[in-house]
Amino acid sequence: MTQSSIPLDGARTNGAMSMLATLGRNHVAMTVLSGLGFLALWQVISLNVPPVILPSPASVIAAFIELTASGELIKATAETIWPLAVGLVLGFVVGTALGLLLGIFRSAARVLDPYIFIGWSIPNIAWLPLFLAWFGVGDLTLIIFVFVSAVFPQLLTVEAGAKEADSFLVEVARSLGGTKHEILFAVVLPSSLPYIIAGLRIAVGRALVGIIVGQLLIVASGIGYMFQFYGETLALAKYFAPLIVVAVLAILLNRGVNWAERALIPWKLRAFT
Amino acid sequence: MPELEFVDISKSYDSPSGGRLLALEKFAFKLARGRFVTVVGPSGCGKTTLLRMAAGLIPPDTGEIRLDGEILAGPSPKMSMVFQGIGLMPWKTIADNVALGIQLQTHRHTLGIDEKQRIDAALAMVGLTGFERYFPYQLSGGMQQRVGLARALVRQPEILLMDEPFGALDAQTRTVLQDELLALWDRVKSTVLFITHDLDEAIYLSDVVVIMGRRPGRIKEVLDVTLPRPRYSYDVRAEKEFARLRNIAWKSIREEL
C-alpha cells in the first residue's frame, strides 16, 4: 500500500511517470502496449529495408490470412502437431517410468546410466540421418526423433529426483509397514513430482525443436517444410505465418506445463510469485 | 512374559576412519506391557539405534528382539513410531497423512467407514479437528508433531516408540505436549518406549527410566519412578521425590559426559 502513494504523489509533478507506474501494475495493458510498440518498431524498420529482408507487419498479416484461407497453414499445423504429440507423450511416459525405476533400483541404474548419458550427450540431430535410413521418409521417423528428443531429458531429470527422494520419509513409511511397492507410490512418486514437471518443461522444448528440424531437414512436411520452402524462395511475408504458429504452440505447451505444475504440486511454497 | 524383550543385542557401524564403531554392546532389557519406559543417555550412546532396531527398521548384528515372544524380523503392525523429525508427507493433507498410518498397516488403499471414524477420533484426540484439509506446511511445529502422534495412535498400537518426539520444539510447546501425551496415554494404555536426553522429561513421563552409559551403549542404571499418576493435573516437578530422582539421574549421567 505504501508503494502506491509514491506514484500518486508524483502525479502532481510528472503525469507520464504516474501513468507508467499504473500500467506497470496492469499486466494486460502492459502486454498490449509492448505488443503495439513492437509492431510499430517493426513497421518503421520495414519501411527502410527491402521487403525481401523484412516484410511489413501488414503484408505478414495478409500472408497469414491467405495461407489460412487456402488451408495450407492448417494442414501443415496438423502434420506437425500429431507426430509432436505422439512422440512427446511417449517420451514423457517412458522417461518418467524408467526414471522412477532407475532412481530406485540403483544397481540397474549403474549398468544403464552410461548408455543413457551417451544418448543424452549426442546432439539429437546426429540421429536424424540414421532414423531416416531405418524408418524411411515419413511420420514414423518424425515420431521417433521427437521421442528421442524428449525421452532423455525426462528420464535424467526424473531419475535424479527419484534418487534424491527423502530417505527419512522413506524410513517413516517403512516404519508404518510400507512395502517397496507401496513406498514407490506413497513416497517416491509424489516426492518426484516437481522433477517430473521440470523434466517435462525441458522435454517440451526439445520436442518442439525436434519436430521442426525433422520436417525442415528430412521429411519435408508440416510447419518445418514451410520454413524451408518460403525461406529458400525468399517469400518472407509467408515465412512469418508458420513462425507465428510455432510461437503460439510453444506458449500453449508452456501454459499447459504451468497448469499441470499448479494442479499436481499445490504443497510447494513459492519464494517468488 | 514381557511384551518387548531385547536379548543381548549388539550393533556396530562402519566408522569414517575405516574401522568399526560399536554403538550398542550386549544390551538386555525387558519391557512389561502397559509400562511407560524412557531411555536417557548422552548423545551418541546408541539410544536412537536402539529404537530403530525396536521398530524393525534395522536388524541387530547379534542378539535378538522379541515381540510377544516372537523374534522381530521387520516393522510390525502392532507398533507405531513417532519421530523427532516428524516425517509428514508434504504433499498429503493432514487427514491423508493420518490415513497413511492405517493404509501402510493394512496394505489396503481404500478406507472403510470405521477407519475414517478412527482418523477423525485420532485427530480429535490431539486437538486437530477442523485441520483435516490443511497441508503440513500450513501448521506450526507443535501442531505437526500432534499430527505425527495422531498418525501413530490411529493404528491402535500395542507399543508406541517415540524418538525424542518433542526435541525440536520450543520449551513451552514441549511442556504442553508432554501433558497431552500423558493424558492420551491414560486413555490408550499402550506400552511406550520413549527416547530423550531431557532428564526432567524422562522422570515426568515415565514409570521406569533407563540410564545409558556412553558408547558402546549399555545400561548403567534403572530408576523406578513412583510418583503418583495422573501427573499432568498438578505440578509434579515440585515434588521432593522428583528432585531426588533427578539428582540421582543427573549424577549418573554426568559421569558419562
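Because the structure is predicted, anything quoted here is derived from the model rather than measured. Sequence order as written defines residue numbering, which begins from 1 separately in each chain. The lettering of chains begins at A and the numbering of ligands begins at 1, in the order of writing. The predicted nature of this model means local features are confined to residues of pLDDT at least 70 and side-chain atom pairs, given and counted, to a pLDDT of 80 or more, with totals for whole chains, interfaces and linings taken over all residues.

## A look at the overall build of chain B
Argument step 1. When its secondary structure is counted, chain B shows 7 helices and 10 strands.
Argument step 2. Over its C-alpha atoms chain B spans a radius of gyration of 18 Å, differing by no more than 12% from the 18 Å that the globule rule assigns to 257 residues.
Argument step 3. The principal-axis extents of the C-alpha atoms in chain B amount to approximately 50 × 45 × 40 Å.
Argument step 4. Three exposure classes are used. Buried residues have 20 or more other C-beta atoms within 10 Å of their own C-beta, exposed residues have 12 or fewer, and partly exposed residues fall in between, all C-beta atoms being placed from the backbone. Split into buried and exposed, the 257 residues of chain B put 42% on the buried side.
Argument step 5. Two residues qualify as a contact pair if the distance between their C-beta atoms, derived from the backbone, is within 7 Å. Counted over contacts in chain B with a minimum sequence separation of 6, partners at least 24 positions apart contribute 71%. Secondary structure elements are taken from DSSP: a helix is a run of H or I of four residues or more, a strand is a run of E of two residues or more, and numbering for both begins at the N terminus. C-alpha atoms define the radius of gyration in this analysis, and the globule rule sets the expected value at 2.2 Å times the number of residues to the power 0.38.

## With respect to the sheet that holds strand 7 (residues 159–163) of chain B
Residue and element names in this part refer to chain B.
Argument step 1. Two strands pair under a simple rule: DSSP has to find at least two bridges between them. Spatially, 6 strands are ordered 6-7-8-3-9-10 in an open sheet, and the strand pairing comes out mixed. Strands at the two margins of the open sheet, each flanked by one partner only, are strand 6 (79–82) and strand 10 (219–224). Taking the axes of each pair of neighbouring strands and ignoring which way they run, one obtains an average angle of 15 degrees across the sheet. All axes here are fitted lines through C-alpha atoms, helices being fitted over the stretch that makes contact, and every angle between N-to-C directions spans 0 to 180 degrees.

## Comments concerning helix 1 (residues 47–54) of chain B
Residue and element names in this part refer to chain B.
Argument step 1. Within helix 1, 6 of the 8 residues are buried, leaving the element largely enclosed by the surrounding structure.
Argument step 2. Those residues of helix 1 that sit buried are Lys 47, Thr 49, Leu 50, Leu 51, Met 53 and Ala 54.
Argument step 3. Residue Gly 56 follows helix 1 closely and has a positive phi angle near 80 degrees.

## Structural notes on the nonpolar core
Argument step 1. Structurally, a nonpolar core is described as a collection of buried Ala, Val, Leu, Ile, Met, Phe, Trp, Tyr and Cys residues joined by way of C-beta atoms within 7 Å. The biggest cluster of nonpolar side chains holds 126 residues, and the ones touching the most others in it are Val 146 of chain A together with Val 98, Ala 150 and Leu 161 of chain B.
Argument step 2. For this core, the element with the highest residue contribution is helix 10 (residues 180–219) of chain A, accounting for 17 residues.
Argument step 3. When sequence neighbours within four positions are dropped, the list of residues in contact with Leu 161 of chain B reads Leu 51, Ala 54, Ala 55, Met 79, Met 81 and Leu 193 of chain B.

## Here we look at the domain arrangement of chain A
Argument step 1. An automatic or database domain assignment is the source of the domain bounds shown. As assigned here, chain A comprises domain 1 (2–48) and domain 2 (65–264).
Argument step 2. The distance between the C-alpha centroids of domain 1 of chain A and domain 2 of chain A comes to 38 Å.

## Considerations on the interface of chain A and chain B
Argument step 1. Contact with chain A, which involves 16 residues of that partner, is made by 18 residues of chain B.
Argument step 2. For the side of chain A that touches chain B, the secondary-structure elements that each account for two or more residues are helix 9 (167–175) and helix 10 of chain A.
Argument step 3. Residue contributions to the side of chain A that touches chain B peak at 7 residues, all from helix 9 of chain A.
Argument step 4. Asp, Glu, Lys and Arg are counted as charged, while Ala, Val, Leu, Ile, Met, Phe, Trp, Tyr, Cys and Pro are counted as nonpolar; the rest, among them Gly, fall into the polar class. Here the side of chain A that touches chain B is built from residues that sort into 10 nonpolar, 3 polar and 3 charged.

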